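Here's the letter readout for the chains.
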Amino acid sequence: VGMSRQAAAQSAKKDQKAAIAEKNAEKERLAALGMTPALKKLIGTDVLLCTECGATQLGPTTCECKGGKRKPAPDFECVPQLIAAAKARQAEGKAEDMKANANQQAQVAKDREKRKEKNEADKNDLNAEFQGDGIEVLQIVEFPVGKLGMDIEANSVSKVGENPSNAAELGVKTGWVISQVNGTPVPAKKAAIIKEVAACMKLGPVKFGFRVPIIDGYHFCGNCDKFQAAESFNDSQITEKGPGKQMCAGCEEFADMGFNCLRRLIRNAQFGLAPEISDFLDPGIFTLLGPKIVGSA
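The model shown is predicted, which means the values in this text are computed figures rather than measured ones. (Residues numbered from 1 in each chain as written. Predicted model: local features only at pLDDT ≥ 70, side-chain atom pairs only at ≥ 80, totals over all residues. Heavy atoms only, no water.)

1. A few points about the overall build of the protein chain
When its secondary structure is counted, the protein chain shows 10 helices and 9 strands. In the protein chain, buried positions account for 33% of the 297 residues. When contacts within the protein chain are restricted to residue pairs at least 6 apart in sequence, those whose partners lie at least 24 apart make up 56%. (Helix = DSSP H or I, 4+ residues; strand = E, 2+ residues; numbered from the N terminus. Buried < 20%, exposed > 50% of the residue type's maximum accessible area, 1.4 Å probe, protein only. Contact = heavy atoms within 4.5 Å.)

2. Comments concerning the state of the cysteines
Under the defined criterion, the tally for this structure stands at 0 disulfides. Of all cysteine sulfurs, the one in Cys65 lies closest to Cys63, which takes part in no disulfide; the gap is 3.7 Å. (Disulfide = S-S within 2.5 Å.)

3. Considerations on the pairing of strand β8 (residues 218–221)
For a regular strand, the rule is simple: side chains alternate between the two faces of the sheet. As paired strands, β8 and strand β9 (residues 226–229) are joined by 4 bridges and run antiparallel to one another. Within β9, the position partnered with Cys221 by the bridge is Lys226. Counting the residues between successive antiparallel strands, the hairpin from β8 to β9 contains 4 residues, one of them, Asp225, with a positive phi of roughly 60°. (Pairing = 2+ DSSP bridges.)

4. Describing the nonpolar core
Core analysis: the largest hydrophobic core is formed by 23 residues, its most contacted members being Phe143, Met150, Val172, Ile178, Val181, Phe208 and Phe210. Contributions of two or more residues to this core are made by β2 (136–143), β3 (150–153), β4 (156–160), β5 (177–181), α5 (190–201) and β7 (206–213). When sequence neighbours within four positions are dropped, the list of residues in contact with Ile178 reads Met150, Ile152, Asn155, Val186, Ile193, Phe208, Gly209 and Phe210. Core analysis: the second largest hydrophobic core is formed by 10 residues, Leu30, Leu48, Val79 and Leu82 among them. (Core = buried A, V, L, I, M, F, W, Y, C linked by side-chain atoms within 4.5 Å.)

5. A look at the side chain of Ser179
Within the secondary structure, Ser179 is located in strand β5. In contact with Ser179, not counting residues within four places along its chain, are Leu138, Thr184, Pro185, Val186, Gly209 and Arg211.

6. Here's the deal with unusual backbone geometry
Note that the residue after Gly59, namely Pro60, is joined by a cis bond; omega there is 15°. On the secondary structure map, Pro60 appears in the loop between α2 (37–43) and α3 (79–124). Of note, the bond from Asn163 into Pro164 is cis; its omega dihedral lies within 30 degrees of zero at 15°. In this fold, Pro164 is placed in the loop between β4 and α4 (166–169). Positive phi values are uncommon outside glycine, yet Ala154 reaches one of about 60°. Looking at the element boundaries, Ala154 is found in the loop between β3 and β4.

What follows is the structure in structure tokens.
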């Protein structure tokens, strides 16, 4: 009995080795025919239908042989035809993907071109209304739903993303000042502007009302709320602080005297951000700081 068990174990081990060797030989044979794991997956349950034209059940070739299909014999080697059909389907799928991608890119380019044309039209018809002292206009720009493509500091555009960002394509420039969102005046606060834009964008495209200087070399001072010539600013304000933070030389002097914060509080009170401000301000402060401080934004 002991010998028969030992013989059975040896026989089983021998059969196992033979099965492994056979499996490895089959792998080598298929590899020699060009089979790969990826192609094996693509072939799946495909079946050769005609040995003459190589038509298979999954295509892409359809048999049109005269006299009908030449069905493979039981011992016929189908692997080369199945591999060729899988490669043809793969190439066909890639071609379709490339075509769909090209169509999508063409549509995107077409939409961008339309937006550029519309932007040029907006520049030429004065959707841009003259503002204040005549050195700026209110430029209306409609943004599609999605990322704005610009950074905001206070209520100023501090950076415009490179093309193909929406802001760049629409012609928005660094230094423009956001005055309105969908016709609603907004305060000089980034958080309040972003909140208003997010709410409006849920309903569709958003129209920004930008205050834009019509004279090159003019920069916005948020403290006195107007555009001024470059010579009205210390160089460091323009080169280091930039839009949304820069202030003219006069406002820098006020800031040194402690009035800068007070100016912002007064202007923000117009938007309900500090309604209690009038309760503790001396009315004489308005005369001291001047009418422009409490003028319309």
